[in-house]
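Chain and residue survey
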Amino acid sequence: MAWLLVVVAGLLETGFAVCLKLSHGFTRLWPTIAFAAFALGSFGLLTLALRKLDVGPAYAVWTGIGAAGTAIYGMVFLGDVVSTLKIVSITLVIAGVIGLQLSGSAH
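All chains use their own residue numbering, which begins from 1 and follows the written sequence. Since the coordinates come from a predicted model, pLDDT governs what is reported: local features require at least 70, and pairs of side-chain atoms require 80 or more to be given and counted, while whole-chain, interface and lining totals use all residues. Note: side-chain values were computed over all heavy atoms of the structure, leaving out hydrogens and water.

1. Re the side chain of Ser42
Put simply, the rule reads: The numbering of helices and of strands both runs from the N terminus, where a helix is a DSSP run of H or I of at least 4 residues and a strand a run of E of at least 2. For every residue, the accessible area obtained with a 1.4 Å probe (protein chains only) is divided by the maximum for its type, and the residue is called buried under 20%, exposed over 50%, and partly exposed between those limits. Any pair of nitrogen or oxygen atoms within 3.5 Å is treated as a polar contact; in protein, a donor-acceptor pairing is required on top of that, and neighbouring residues in sequence qualify only through side-chain atoms on both sides.
As for its placement among the helices and strands, Ser42 is situated in helix H2 (residues 29-49). The class of Ser42 is buried, set by a relative accessible area of 0%. A distance of 2.8 Å separates the side chain of Ser42 from the backbone oxygen of Ala9, its partner in a polar contact.

2. Points about the packing of helix H3 (residues 55-77) against helix H4 (residues 84-101)
Note the following rule: Between the N-to-C directions of two axes lies an angle of 0 to 180 degrees, each axis being a line fitted to C-alpha atoms and, for a helix, fitted only over the stretch in contact. For this classification, under 35 degrees means roughly parallel, over 145 means roughly antiparallel, 65 to 115 means roughly perpendicular, and everything else is oblique. Each helix crossing is assigned a hand: it is left-handed if the near helix lies turned anticlockwise from the far helix by less than a right angle, otherwise right-handed if that turn is clockwise. It only takes one pair of heavy atoms within 4.5 Å for two residues to be counted as in contact. As a working rule, the residues Ala, Val, Leu, Ile, Met, Phe, Trp, Tyr, Cys and Pro are called nonpolar, Asp, Glu, Lys and Arg charged, and the rest polar, with Gly in that last group.
The geometry of H3 relative to H4 is characterised by a closest axis approach of 9 Å and an angle of 155° between their N-to-C directions. Here H3 is positioned roughly antiparallel relative to H4, judged by the angle of their axes. Note on packing geometry: the crossing formed by H3 with H4 is left-handed. On H4, the residues touching Pro57, Ala60, Val61, Gly64, Ile65, Ala68, Ala71, Ile72 and Met75 of H3 are Lys86, Ile90, Val93, Ile94, Val97, Leu100 and Gln101. The residue inventory of the contact of H3 with H4, partitioned by class, reads 13 nonpolar, two polar and one charged.

Printed below as a string of structure tokens:
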């Protein structure tokens, strides 16, 4: 259950990163409100997960999901440049996240 919280928190991190861009420096109301909601949800779920998980692997999985998710979202929906190196790098991040999740850090 704790790892599920980390995964959802990582997906919410993707949401807050995208909304941060869409807020244009907090000058647009709705993306700014969405950023705050996603950020609070993400940090809140990560906090709950850390009651049961070691901080290192949990934080790495959280940031890895957020980074990979944000990069993928940017390429698919925001017109970010797509390159082979980006795709390989995202794949390596995801592989690392899976490896850390399987490392057995839950108590």
